[in-house]
Amino acid sequence: MNLDMALKEIDGLKIKLEESEMKYRDLYESAPDMYHTINTEGIIVDCNRTEADILGYSKEELIGNSILDFQTEESRKTGKKAMNKLFNEGKIKGLELQFVKKDGGVIDVSRNATVIYNEKGRPIGTRSVMRDITKDKKMMEIIKNSNFKLQAIFDAITDGICLIDKNFIVQEINRGMFSQQNRME
């Protein structure tokens, strides 16, 4: 192989590498979930555009600051404990935290994180994926409140009600059922 062909082959490989890096960067930046990398002190080293957009900051405003600076006071406590656990166990899944957006709004997130190790096996930081679960949490609260209301109505009915499944096993009875029984005795 002559030098010209070797140089052309190297140029072709460079182009393919650049294209691959562009695809990776686009995937990272445009992902629907928030991604960030932090060092062992909790300082944000990198984050994707999605995280910046959701929180209302520019990437430059996030990078170089502690991840704890963007959490509610209660979540900071949880976050500090989770960091210790993360570095001891290597990963965490489903950690729920609250982040404060630039406009002062608060969002609920579910965080999955793994530790990044250097070539000597020492932790040097973490990579995290965070999903905005604010709507999910609100919906669960609505369902919970609806269940409380339905239970209150069920118990407030003075007539005895007994819910029985298809196998004739009692699933639930209301307070009126106890009153009925007491009146019979």
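Our subject is the structure that appears above.
Predicted, not measured: the structure shown is a model, and the values here were computed from it.

Cut-off values and rules
Throughout, a residue's number is its position along its own chain's written sequence, starting from 1. In keeping with the model being predicted, local features are shown solely for residues with a pLDDT of at least 70 and side-chain atom pairs are shown and tallied solely at 80 or more, while totals for entire chains, interfaces and linings include all residues. Processing note: side-chain calculations cover all non-hydrogen atoms of the structure and skip hydrogens and water entirely. Numbering of helices and strands starts at the N terminus; helices are DSSP runs of H or I of at least 4 residues and strands are runs of E of at least 2. Here, two residues are considered to be in contact whenever any of their heavy atoms come within 4.5 Å of each other. Every accessible area reported is derived by Shrake-Rupley at a probe size of 1.4 Å, with residue values counting cover from the shown protein chains alone. In this charge count, Lys and Arg are treated as positive and Asp and Glu as negative; neither His nor the chain ends contribute. We put the charge of a Lys on NZ, of an Arg on CZ, of an Asp on CG and of a Glu on CD. Partly exposed describes any residue whose relative accessible area lies between the buried limit of under 20% and the exposed limit of over 50%, with all areas from a 1.4 Å probe on protein chains only and scaled to the type maximum.

Q: Go over the overall build of the protein with me, naming the residues and quoting the values.
A: Helix and strand content of the protein: 6 helices and 7 strands. Mapped in sequence order, the helices and strands of the protein form the string α-β-β-α-α-α-β-β-β-α-β-β-α. On the principal axes, the C-alpha backbone points of the protein span a range of 105 × 40 × 35 Å. Partitioning the contacts of the protein with sequence separation of at least 6, the portion at a separation of at least 24 is 34%. Carbon together with sulfur atoms contributes 55% to the accessible area of the protein, which is approximately 13100 Å² in total. The centroid of the 29 positive side-chain charges in the protein is displaced by 3 Å from the centroid of its 31 negative side-chain charges.

Q: Give a detailed account of the side chain of S66, specifying residues and quantitative values.
A: Looking at the element boundaries, S66 is found in the loop between α3 (59-62) and α4 (73-89). Here S66 falls in the buried class, since its relative accessible area comes to 14%. Those residues within four positions of S66 in sequence are excluded, and the remaining contacts are G42 and I43.

Keep in mind that these numbers describe shape and distance, not what the molecule does.
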